[in-house]
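# Structural description and commentary
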Amino acid sequence: MVTIRIRTATAADAGSLAELAAATFPLACPPHTTAEAIADFIATHLSRGTFDAYLADRARVLLIAEQQQEQDREQPATDAASGSLAVGYTMLVFGEPTDADVAAAIGIRPTVELSKFYTLASIHGTGVSGPLMAATLAAAGERGAAGAWLGVNEENARAIRFYEKNGFAQVGTKHFLVGDRYEDDLVLERRLP
């Protein structure tokens, strides 16, 4: 049997998060994004060193979703047999947005950015994303945020539907640089419970 555990990431998770980010970031890119631009973005913004810095930053909270295999009672437990696989992660960034377009668009304060929300393609549609979103929004509320916002590429229809299903609504637009091209992102916001 497979179970999913969602927990706050620690410094020991930096390597797993970087691997997960490298596997999932391309899923969010529009079709015209070049492989070179994606590889450069991953190397610059989603490396192990970057995740080390993210995890050390008190203004950020990262959650990780892990798929765990239950042990066969007849097999002895080993680290390899009892290990877990990172299948999704999120990152919250607390504080005022630094992007002027975002700051003007959002209306709920204090706010938190849902900067990253990614799951492996192999688990899309398996029921992991809903609990991961609920845990992420709960973590945001626990730190005092009244609202959450995010940016999503305007061509990422699957993600937009998921965010709308989870209470986010479009409040503006912004630009996001990948390679040498600025992409158009929708800014979505929701009130936290």
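The text that follows walks through the structure, step by step, so that each part is easy to find. Numbers given for residues are sequential positions, taken from 1 along each chain in its written order. Whole-chain, interface and lining totals are the exception, using all residues; otherwise, since this is a predicted model, local features are given only for residues with pLDDT of at least 70 and side-chain atom pairs are given and counted only at 80 or more. By convention in this description, side-chain values take in all heavy atoms of the structure and omit both hydrogens and water.

## Quick notes on the pattern of salt bridges
- Any Lys or Arg side-chain nitrogen located within 4 Å of an Asp or Glu carboxyl oxygen qualifies as a salt bridge. Considering all chains together, one arrives at 6 salt bridges under this definition.
- The closest approach of N and O atoms between Asp13 and Arg7, which form a salt bridge, is 2.7 Å.
- On the basis of relative accessible area, Asp13 is assigned to the buried category, the value being 7%.
- With a shortest N-O distance of 2.8 Å, Arg7 and Glu66 are connected by a salt bridge. In this pair, Arg7 sits in strand 1 (residues 2-8) while Glu66 sits in strand 2 (residues 60-69), placing the two residues 59 residues apart along the sequence. For the pair shown, Arg7 and Glu66 are each scored as buried.
- Each member of the salt-bridge network shares a partner with another, and the members are Arg5, Arg7, Asp13 and Glu66. The classification of residues rests on relative accessible area computed with a 1.4 Å probe and restricted to protein chains. Under 20% of the type maximum is buried, over 50% is exposed, and intermediate values are partly exposed. Runs of H or I in DSSP of at least four residues are treated as helices and runs of E of at least two as strands, each being numbered from the N terminus.

## Some thoughts on helix 1 (residues 14-28)
- Under the 1.5 Å per step criterion, the end-to-end length of helix 1 is 21 Å for 15 residues, consistent within 8% with the ideal 21 Å.
- Within the span of helix 1, buried status applies to Ala14, Gly15, Leu17, Ala18, Leu20, Ala21, Thr24 and Phe25. What a helix is expected to span follows from its residue count: subtract one and scale by 1.5 Å.

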